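# Analysis of the macromolecular model
Here are the chains, one letter per residue:
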Amino acid sequence: MTQVRNNWQITEIEDLFNLPFNDLIFESHSIHRKYFNPNEVQVSTLLSIKTGACPEDCAYCSQSSRNDTGLERERLLPIDEVVEAALEAKSNGATRFCMGAAWRNPTDKSLSHVIDMVSAVKDLGMETCVTLGMLEKDQAKKLKGAGLDYYNHNLDTSPEFYGEVISTRTYDDRLKTLEHVRDAGINVCSGGILGMGETRHDRARLLQELANLPKHPESVPINDLVQIKGTPLDGIDKLDSFEFIRTIAVSRILMPKSYVRLSAGRTEMNDEMQSLCFFAGANSMFYGDRLLTTDNPDENHDQALFSRLGIQYEKKKVSAPIGI
Ligand code: SAM
Ligand code: DTB
Ligand code: SF4
(Lines give C-alpha, C1' and ligand atoms only; values in the text may rest on other atoms or scores of the structure.)
(Ligands and ions follow the chains in the order given, each with its own letter.)
Protein backbone atom coordinates (compact mmCIF):
# COMPACT_ATOMS: atom_id res chain seq x y z
CA MET A 1 0.00 0.00 0.00
CA THR A 2 1.10 3.55 -0.66
CA GLN A 3 2.50 5.08 2.47
CA VAL A 4 0.51 7.91 4.01
CA ARG A 5 3.03 10.70 4.52
CA ASN A 6 3.04 14.09 6.22
CA ASN A 7 6.52 15.20 5.19
CA TRP A 8 6.12 16.16 1.55
CA GLN A 9 8.86 18.37 0.17
CA ILE A 10 7.86 21.13 -2.26
CA THR A 11 10.24 19.81 -4.94
CA GLU A 12 8.58 16.36 -4.81
CA ILE A 13 5.18 17.97 -5.27
CA GLU A 14 6.36 20.17 -8.13
CA ASP A 15 7.92 17.11 -9.77
CA LEU A 16 4.47 15.45 -9.71
CA PHE A 17 2.88 18.54 -11.28
CA ASN A 18 5.57 18.49 -13.98
CA LEU A 19 4.95 14.87 -15.04
CA PRO A 20 3.48 14.24 -18.49
CA PHE A 21 -0.31 14.37 -18.04
CA ASN A 22 -0.86 10.67 -18.79
CA ASP A 23 1.86 9.57 -16.37
CA LEU A 24 0.38 11.76 -13.63
CA ILE A 25 -3.20 10.58 -13.95
CA PHE A 26 -2.13 6.94 -14.35
CA GLU A 27 -0.28 7.26 -11.05
CA SER A 28 -3.11 9.06 -9.23
CA HIS A 29 -5.76 6.69 -10.58
CA SER A 30 -3.71 3.65 -9.52
CA ILE A 31 -3.49 5.02 -5.97
CA HIS A 32 -7.18 5.90 -6.04
CA ARG A 33 -8.16 2.29 -6.82
CA LYS A 34 -6.11 0.97 -3.90
CA TYR A 35 -8.17 2.89 -1.35
CA PHE A 36 -11.53 3.55 -2.95
CA ASN A 37 -14.08 2.03 -5.25
CA PRO A 38 -13.36 4.06 -8.44
CA ASN A 39 -17.01 3.85 -9.47
CA GLU A 40 -18.44 5.50 -6.36
CA VAL A 41 -18.75 9.20 -5.60
CA GLN A 42 -19.85 10.62 -2.27
CA VAL A 43 -22.41 13.41 -2.62
CA SER A 44 -23.05 16.30 -0.24
CA THR A 45 -25.67 19.02 -0.53
CA LEU A 46 -25.03 22.60 0.52
CA LEU A 47 -27.32 25.16 2.10
CA SER A 48 -26.51 28.76 2.94
CA ILE A 49 -28.01 29.20 6.42
CA LYS A 50 -26.92 32.83 6.72
CA THR A 51 -26.22 34.78 3.57
CA GLY A 52 -24.25 37.95 2.86
CA ALA A 53 -22.96 40.96 4.83
CA CYS A 54 -19.76 39.18 5.84
CA PRO A 55 -17.12 41.48 7.39
CA GLU A 56 -14.23 39.58 5.76
CA ASP A 57 -12.72 40.85 2.49
CA CYS A 58 -12.20 37.61 0.53
CA ALA A 59 -11.62 38.79 -3.05
CA TYR A 60 -13.52 35.86 -4.59
CA CYS A 61 -16.66 35.98 -2.48
CA SER A 62 -20.15 37.21 -3.32
CA GLN A 63 -20.90 37.52 0.40
CA SER A 64 -18.23 39.99 1.54
CA SER A 65 -19.73 43.35 2.50
CA ARG A 66 -16.71 44.93 0.73
CA ASN A 67 -17.84 43.49 -2.62
CA ASP A 68 -20.75 45.19 -4.36
CA THR A 69 -22.32 42.05 -5.78
CA GLY A 70 -25.99 42.93 -5.37
CA LEU A 71 -26.53 39.92 -3.12
CA GLU A 72 -29.46 40.25 -0.77
CA ARG A 73 -28.48 39.61 2.83
CA GLU A 74 -30.49 37.09 4.80
CA ARG A 75 -30.71 36.39 8.49
CA LEU A 76 -30.01 32.99 10.00
CA LEU A 77 -32.61 30.62 8.57
CA PRO A 78 -35.29 29.19 10.84
CA ILE A 79 -34.72 25.56 11.76
CA ASP A 80 -37.81 24.22 9.94
CA GLU A 81 -36.49 25.58 6.61
CA VAL A 82 -33.16 23.87 7.24
CA VAL A 83 -34.83 20.54 8.05
CA GLU A 84 -37.02 20.81 4.94
CA ALA A 85 -33.95 21.38 2.73
CA ALA A 86 -32.08 18.51 4.38
CA LEU A 87 -35.01 16.14 3.86
CA GLU A 88 -35.13 17.03 0.19
CA ALA A 89 -31.36 16.52 -0.14
CA LYS A 90 -31.68 13.13 1.54
CA SER A 91 -34.48 12.04 -0.76
CA ASN A 92 -32.25 12.97 -3.72
CA GLY A 93 -29.46 10.69 -2.48
CA ALA A 94 -27.16 13.06 -0.57
CA THR A 95 -25.54 11.46 2.47
CA ARG A 96 -24.11 14.67 3.93
CA PHE A 97 -25.75 18.04 4.48
CA CYS A 98 -23.39 21.02 4.66
CA MET A 99 -24.54 24.30 6.15
CA GLY A 100 -22.60 27.48 5.44
CA ALA A 101 -22.76 30.85 7.18
CA ALA A 102 -21.20 34.13 6.02
CA TRP A 103 -19.50 34.90 9.33
CA ARG A 104 -15.96 35.80 10.32
CA ASN A 105 -16.71 33.68 13.39
CA PRO A 106 -19.94 32.64 15.13
CA THR A 107 -21.08 34.31 18.35
CA ASP A 108 -21.98 31.87 21.12
CA LYS A 109 -25.66 32.75 20.62
CA SER A 110 -25.62 32.02 16.90
CA LEU A 111 -23.60 28.87 17.56
CA SER A 112 -26.38 27.56 19.81
CA HIS A 113 -28.85 27.96 16.90
CA VAL A 114 -26.47 26.11 14.59
CA ILE A 115 -26.13 23.35 17.18
CA ASP A 116 -29.91 22.89 17.10
CA MET A 117 -29.72 22.62 13.30
CA VAL A 118 -26.95 20.02 13.50
CA SER A 119 -28.97 17.91 15.94
CA ALA A 120 -32.10 18.15 13.78
CA VAL A 121 -30.25 17.14 10.59
CA LYS A 122 -28.50 14.26 12.37
CA ASP A 123 -31.92 13.04 13.52
CA LEU A 124 -32.76 12.58 9.83
CA GLY A 125 -29.89 10.08 9.60
CA MET A 126 -27.61 12.34 7.56
CA GLU A 127 -23.99 13.25 8.14
CA THR A 128 -23.55 16.91 9.06
CA CYS A 129 -21.00 19.51 8.05
CA VAL A 130 -20.88 23.21 8.89
CA THR A 131 -18.67 26.08 7.79
CA LEU A 132 -18.97 29.11 10.06
CA GLY A 133 -15.59 30.84 9.88
CA MET A 134 -13.07 30.88 12.74
CA LEU A 135 -13.80 28.80 15.84
CA GLU A 136 -12.50 28.96 19.39
CA LYS A 137 -11.49 25.73 21.12
CA ASP A 138 -14.61 25.56 23.29
CA GLN A 139 -16.88 26.27 20.31
CA ALA A 140 -15.38 23.31 18.45
CA LYS A 141 -16.00 21.15 21.52
CA LYS A 142 -19.63 22.27 21.66
CA LEU A 143 -20.12 21.34 18.00
CA LYS A 144 -18.57 17.94 18.66
CA GLY A 145 -20.95 17.54 21.60
CA ALA A 146 -23.87 18.15 19.24
CA GLY A 147 -22.61 15.27 17.07
CA LEU A 148 -21.19 17.35 14.19
CA ASP A 149 -19.37 15.08 11.73
CA TYR A 150 -17.33 17.55 9.61
CA TYR A 151 -16.15 21.16 9.80
CA ASN A 152 -15.23 22.89 6.52
CA HIS A 153 -12.52 25.53 6.74
CA ASN A 154 -10.44 26.02 3.60
CA LEU A 155 -6.82 27.17 3.47
CA ASP A 156 -7.82 28.42 0.01
CA THR A 157 -4.32 29.02 -1.42
CA SER A 158 -0.62 29.08 -0.51
CA PRO A 159 0.51 31.00 2.58
CA GLU A 160 2.54 33.28 0.28
CA PHE A 161 -0.40 34.21 -1.98
CA TYR A 162 -2.99 34.42 0.81
CA GLY A 163 -2.48 38.15 1.45
CA GLU A 164 -3.29 38.91 -2.20
CA VAL A 165 -6.76 37.46 -1.70
CA ILE A 166 -7.72 38.18 1.92
CA SER A 167 -6.40 40.85 4.28
CA THR A 168 -8.80 40.58 7.22
CA ARG A 169 -7.35 37.33 8.62
CA THR A 170 -4.10 35.39 8.40
CA TYR A 171 -3.11 31.92 7.31
CA ASP A 172 -2.21 31.18 10.93
CA ASP A 173 -5.78 32.10 11.98
CA ARG A 174 -7.00 29.47 9.52
CA LEU A 175 -4.53 26.85 10.80
CA LYS A 176 -5.53 27.58 14.42
CA THR A 177 -9.20 26.84 13.68
CA LEU A 178 -8.23 23.60 11.91
CA GLU A 179 -6.28 22.62 15.03
CA HIS A 180 -9.29 23.32 17.26
CA VAL A 181 -11.54 21.26 14.99
CA ARG A 182 -9.07 18.36 14.88
CA ASP A 183 -8.48 18.45 18.65
CA ALA A 184 -12.23 18.35 19.28
CA GLY A 185 -12.42 15.09 17.30
CA ILE A 186 -14.43 16.48 14.37
CA ASN A 187 -13.53 15.34 10.85
CA VAL A 188 -11.66 18.05 8.96
CA CYS A 189 -12.79 19.30 5.54
CA SER A 190 -10.19 21.67 4.10
CA GLY A 191 -9.09 22.54 0.60
CA GLY A 192 -8.83 25.55 -1.65
CA ILE A 193 -9.75 27.55 -4.72
CA LEU A 194 -7.87 27.41 -8.00
CA GLY A 195 -7.88 30.06 -10.70
CA MET A 196 -7.40 33.13 -8.50
CA GLY A 197 -4.23 34.22 -10.34
CA GLU A 198 -1.94 31.97 -8.26
CA THR A 199 1.02 30.17 -9.81
CA ARG A 200 1.58 26.41 -10.03
CA HIS A 201 4.06 26.85 -7.17
CA ASP A 202 1.21 28.33 -5.06
CA ARG A 203 -1.02 25.35 -5.90
CA ALA A 204 1.79 23.00 -4.89
CA ARG A 205 2.31 24.94 -1.65
CA LEU A 206 -1.42 24.77 -0.82
CA LEU A 207 -1.36 20.99 -1.25
CA GLN A 208 1.86 20.78 0.76
CA GLU A 209 0.22 22.66 3.66
CA LEU A 210 -2.81 20.33 3.57
CA ALA A 211 -0.81 17.12 3.20
CA ASN A 212 1.67 18.03 5.93
CA LEU A 213 -0.96 18.75 8.58
CA PRO A 214 -0.52 16.33 11.52
CA LYS A 215 -3.43 14.33 10.01
CA HIS A 216 -4.71 14.68 6.48
CA PRO A 217 -8.12 16.33 6.19
CA GLU A 218 -10.71 13.60 5.71
CA SER A 219 -12.22 15.73 2.95
CA VAL A 220 -10.36 18.03 0.52
CA PRO A 221 -12.59 20.32 -1.56
CA ILE A 222 -10.94 21.64 -4.70
CA ASN A 223 -12.94 24.62 -6.00
CA ASP A 224 -12.50 26.26 -9.38
CA LEU A 225 -13.10 29.98 -8.89
CA VAL A 226 -16.68 30.98 -9.68
CA GLN A 227 -16.25 34.48 -11.02
CA ILE A 228 -18.78 36.87 -9.52
CA LYS A 229 -19.60 40.36 -10.80
CA GLY A 230 -18.55 43.01 -8.31
CA THR A 231 -15.71 40.96 -6.79
CA PRO A 232 -12.06 41.94 -7.42
CA LEU A 233 -11.40 38.55 -9.07
CA ASP A 234 -14.13 38.88 -11.66
CA GLY A 235 -12.66 38.78 -15.18
CA ILE A 236 -9.39 37.11 -14.22
CA ASP A 237 -7.94 34.57 -16.72
CA LYS A 238 -9.57 31.19 -16.31
CA LEU A 239 -7.30 28.35 -15.16
CA ASP A 240 -6.39 25.81 -17.85
CA SER A 241 -8.59 22.70 -17.47
CA PHE A 242 -5.65 20.31 -17.51
CA GLU A 243 -3.99 22.25 -14.70
CA PHE A 244 -7.17 21.86 -12.64
CA ILE A 245 -7.18 18.09 -13.30
CA ARG A 246 -3.48 17.89 -12.46
CA THR A 247 -4.20 19.52 -9.09
CA ILE A 248 -6.88 16.91 -8.37
CA ALA A 249 -4.40 14.16 -9.32
CA VAL A 250 -1.63 15.53 -7.10
CA SER A 251 -4.12 15.89 -4.20
CA ARG A 252 -5.03 12.21 -4.59
CA ILE A 253 -1.35 11.15 -4.58
CA LEU A 254 -0.42 13.26 -1.54
CA MET A 255 -3.56 12.40 0.48
CA PRO A 256 -4.41 8.87 -0.69
CA LYS A 257 -7.09 8.11 1.91
CA SER A 258 -8.89 11.47 1.80
CA TYR A 259 -12.04 12.24 -0.12
CA VAL A 260 -11.08 14.74 -2.82
CA ARG A 261 -14.13 16.83 -3.67
CA LEU A 262 -14.73 18.29 -7.11
CA SER A 263 -16.38 21.39 -5.67
CA ALA A 264 -17.40 24.82 -7.02
CA GLY A 265 -17.04 25.58 -10.72
CA ARG A 266 -18.69 22.50 -12.24
CA THR A 267 -21.21 24.56 -14.22
CA GLU A 268 -18.26 25.76 -16.33
CA MET A 269 -16.88 22.23 -16.84
CA ASN A 270 -18.09 19.87 -19.52
CA ASP A 271 -18.90 16.23 -18.74
CA GLU A 272 -15.62 15.02 -20.23
CA MET A 273 -13.61 17.26 -17.92
CA GLN A 274 -15.58 16.12 -14.87
CA SER A 275 -15.09 12.48 -15.81
CA LEU A 276 -11.32 13.07 -16.06
CA CYS A 277 -11.45 14.62 -12.58
CA PHE A 278 -13.12 11.44 -11.28
CA PHE A 279 -10.52 9.33 -13.07
CA ALA A 280 -7.71 11.41 -11.59
CA GLY A 281 -9.00 10.77 -8.06
CA ALA A 282 -11.93 13.03 -7.23
CA ASN A 283 -14.55 10.97 -5.38
CA SER A 284 -16.90 13.49 -3.88
CA MET A 285 -18.96 16.41 -5.15
CA PHE A 286 -21.72 18.86 -4.30
CA TYR A 287 -25.08 17.70 -5.55
CA GLY A 288 -28.13 19.93 -5.90
CA ASP A 289 -28.73 22.87 -8.19
CA ARG A 290 -27.37 25.48 -5.80
CA LEU A 291 -24.03 25.90 -4.01
CA LEU A 292 -24.20 28.74 -1.46
CA THR A 293 -25.07 31.75 -3.60
CA THR A 294 -24.30 30.44 -7.09
CA ASP A 295 -25.57 27.70 -9.38
CA ASN A 296 -24.44 24.09 -9.47
CA PRO A 297 -25.35 21.69 -12.30
CA ASP A 298 -28.92 20.50 -12.39
CA GLU A 299 -29.52 17.23 -10.49
CA ASN A 300 -30.96 15.48 -13.55
CA HIS A 301 -27.82 16.32 -15.49
CA ASP A 302 -25.60 14.89 -12.76
CA GLN A 303 -27.71 11.74 -12.55
CA ALA A 304 -27.41 11.28 -16.31
CA LEU A 305 -23.65 11.81 -16.14
CA PHE A 306 -23.28 9.23 -13.35
CA SER A 307 -25.36 6.78 -15.32
CA ARG A 308 -23.29 7.31 -18.50
CA LEU A 309 -20.11 6.71 -16.48
CA GLY A 310 -21.48 3.79 -14.43
CA ILE A 311 -20.86 5.75 -11.24
CA GLN A 312 -22.95 5.08 -8.12
CA TYR A 313 -23.59 7.40 -5.20
CA GLU A 314 -21.64 6.23 -2.22
CA LYS A 315 -23.90 5.00 0.57
CA LYS A 316 -23.39 6.51 4.00
CA LYS A 317 -20.25 5.23 5.72
CA VAL A 318 -19.58 5.11 9.43
CA SER A 319 -17.27 8.10 9.56
CA ALA A 320 -14.16 7.84 11.66
CA PRO A 321 -11.20 10.21 11.47
CA ILE A 322 -8.36 8.88 9.32
CA GLY A 323 -5.84 7.00 11.45
CA ILE A 324 -2.32 7.72 10.23
N1 SAM B 1 -17.36 32.18 5.99
C2 SAM B 1 -16.84 30.89 6.11
C3 SAM B 1 -15.42 30.76 5.62
O4 SAM B 1 -14.96 31.58 4.87
O5 SAM B 1 -14.78 29.79 6.01
C6 SAM B 1 -17.69 29.84 5.43
C7 SAM B 1 -18.33 30.10 4.10
S8 SAM B 1 -17.22 30.35 2.72
C9 SAM B 1 -18.32 30.85 1.47
C10 SAM B 1 -16.69 28.70 2.31
C11 SAM B 1 -15.71 28.52 1.19
O12 SAM B 1 -16.36 28.67 -0.06
C13 SAM B 1 -14.53 29.48 1.10
O14 SAM B 1 -13.50 29.14 1.97
C15 SAM B 1 -14.09 29.30 -0.34
O16 SAM B 1 -13.10 28.30 -0.43
C17 SAM B 1 -15.37 28.85 -1.06
N18 SAM B 1 -15.82 29.88 -2.00
C19 SAM B 1 -16.45 31.04 -1.69
N20 SAM B 1 -16.70 31.76 -2.79
C21 SAM B 1 -16.22 31.06 -3.84
C22 SAM B 1 -16.16 31.30 -5.25
N23 SAM B 1 -16.64 32.42 -5.78
N24 SAM B 1 -15.59 30.36 -6.03
C25 SAM B 1 -15.10 29.22 -5.48
N26 SAM B 1 -15.12 28.95 -4.17
C27 SAM B 1 -15.66 29.86 -3.35
C1 DTB C 1 -16.20 24.54 -0.36
O2 DTB C 1 -14.99 24.27 -0.41
N3 DTB C 1 -16.93 24.95 -1.38
C4 DTB C 1 -18.29 25.22 -0.98
C5 DTB C 1 -18.29 24.75 0.51
N6 DTB C 1 -16.93 24.42 0.74
C7 DTB C 1 -18.86 25.60 1.55
C8 DTB C 1 -18.73 26.60 -1.23
C9 DTB C 1 -18.60 27.02 -2.67
C10 DTB C 1 -19.15 28.38 -2.83
C11 DTB C 1 -19.20 28.82 -4.25
C12 DTB C 1 -19.71 30.19 -4.42
C13 DTB C 1 -21.10 30.44 -3.90
O14 DTB C 1 -22.03 29.65 -4.20
O15 DTB C 1 -21.30 31.45 -3.23
FE1 SF4 D 1 -17.08 35.75 4.44
FE2 SF4 D 1 -16.47 33.17 4.04
FE3 SF4 D 1 -17.15 34.79 1.96
FE4 SF4 D 1 -14.82 35.18 3.15
S5 SF4 D 1 -15.46 33.32 2.05
S6 SF4 D 1 -16.30 36.79 2.62
S7 SF4 D 1 -15.31 34.66 5.28
S8 SF4 D 1 -18.45 34.15 3.65
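Criteria and cut-off values
- Residues numbered from 1 in each chain as written.
- Chains lettered and ligands numbered in written order.
- Predicted model: local features only at pLDDT ≥ 70, side-chain atom pairs only at ≥ 80, totals over all residues.
- Heavy atoms only, no water.
- Near = heavy atom within 4 Å.
- Polar contact = N/O pair within 3.5 Å; in protein donor to acceptor, adjacent residues only side chain to side chain.
- Areas by Shrake-Rupley, 256 points an atom, 1.4 Å probe, with all protein chains shown as cover.
- Nonpolar A, V, L, I, M, F, W, Y, C, P; charged D, E, K, R; others polar.
- Buried < 20%, exposed > 50% of the residue type's maximum accessible area, 1.4 Å probe, protein only.
- Helix = DSSP H or I, 4+ residues; strand = E, 2+ residues; numbered from the N terminus.
- Contact = heavy atoms within 4.5 Å.
- Core = buried A, V, L, I, M, F, W, Y, C linked by side-chain atoms within 4.5 Å.
- Pairing = 2+ DSSP bridges.
- Right-handed = clockwise from strand over helix to strand, strands pointing away.
- Axes fitted to C-alpha atoms, helices over the stretch in contact; angles between N-to-C directions.
- Left-handed = near helix turned anticlockwise from the far one by under 90°.
- Phe/Tyr/Trp six-rings, centres within 6.5 Å; stacked < 30°, edge-to-face > 60°.
- Lys NZ or Arg CZ within 6 Å of the ring centre and 35° of its normal.

## So, the site of ligand 2
Close to ligand 2 lie 13 residues; Asn154, Asn223, Leu292, Thr293 and Thr294 are nearest. The separation between a nitrogen atom of ligand 2 and a polar side-chain atom of Asn152 is 3.3 Å. Interatomic distance of 2.6 Å between a side-chain N/O atom of Thr293 and an oxygen atom of ligand 2. The protein chains hide 87% of the 400 Å² of surface that ligand 2 would expose on its own. Taken together, the residues of the shell around ligand 2 break down into six nonpolar, seven polar and no charged.

## As for the site of ligand 1
Surveying the vicinity of ligand 1 reveals 16 residues, the closest of which are Thr131, Asn154, Asp156, Arg174 and Val226. Contact with the protein chains hides 90% of the accessible area of ligand 1, taken as 550 Å² for the molecule alone. In terms of residue class, the shell around ligand 1 is made up of nine nonpolar, four polar and three charged.

## What about helix 10 (residues 271–280)?
Within the sequence span of helix 10, burial applies to Asp271, Met273, Gln274, Cys277, Phe278 and Ala280. At its buried positions, helix 10 is contacted by helix 2 (21–35), strand 1 (40–50), helix 9 (241–254), strand 8 (259–262), strand 9 (284–286) and helix 11 (299–309). Two or three places before Glu272, at the opening of helix 10, Asn270 has a side-chain oxygen 3.2 Å from that residue's backbone nitrogen. Note on helix 10: the residue one or two positions beyond its end, Gly281, has a positive phi of about 135°.

## Quick word on the nonpolar core
In terms of nonpolar packing, the biggest core is built from 89 residues, with Tyr60, Leu132, Leu143 and Phe244 touching the most fellow members. With seven residues, the top contributor of residues to this core is helix 9. Once residues within four sequence positions are removed from consideration, Tyr60 is found in contact with Asp156, Val165, Ile166, Arg169, Ile193, Met196, Leu225, Val226, Ile228, Thr231 and Leu233. Core analysis: the second largest hydrophobic core is formed by seven residues, Cys129, Tyr150, Ala264 and Leu291 among them.

## Let's talk about the pairing of strand 8
Both faces of strand 8 are covered, namely the face carrying Tyr259 and Arg261 and the face carrying Val260 and Leu262. For strand 7 (residues 219–224) and strand 8, the ladder comprises four bridges, and the chain directions are parallel. Paired with Ile222 across the bridge in strand 8 is Leu262. A crossover links strand 7 with its parallel partner strand 8, the connecting element being helix 9, and its sense is right-handed.

## With respect to the packing of helix 3 (residues 79–91) against helix 4 (residues 108–123)
The geometry of helix 3 relative to helix 4 is characterised by a closest axis approach of 10 Å and an angle of 35° between their N-to-C directions. Of the two elements, helix 3 crosses helix 4, and the hand of that crossing is right-handed. Residues Ile79, Val82, Val83 and Ala86 of helix 3 form the contact with helix 4, whose participating residues are Asp116, Met117, Ala120 and Val121. When its residues are assigned to classes, the contact of helix 3 with helix 4 shows seven nonpolar, no polar and one charged.

## Here's the deal with the packing of aromatic side chains
Counting across every chain of the model gives six aromatic pairs. Between Tyr162 and Tyr171, the aromatic rings sit 5.2 Å apart at their centres with planes inclined by 80°, giving edge-to-face as the arrangement. Here Tyr162 matches Tyr171 in class, with each residue buried. Taking 6.1 Å as the distance between ring centres and 75° as the angle between the ring planes, the aromatic pair formed by Phe278 and Phe306 counts as edge-to-face. Pair noted here: Phe278 is in helix 10 and Phe306 is in helix 11, with a separation of 28 residues, a long-range link. Of the residues examined, Phe278 reaches a relative accessible area of 5% and is grouped as buried. Within the aromatic cluster, the residues linked to one another by ring pairs are Phe278, Tyr287, Phe306 and Tyr313. Residue placement shows Arg96 over the ring face of Tyr150; its charged tip is 3.7 Å from the ring centre. Over the ring of Phe286 we find Arg261, and its NZ or CZ is 4.8 Å from the ring centre.

By themselves, these figures tell us nothing about what the structure is for.
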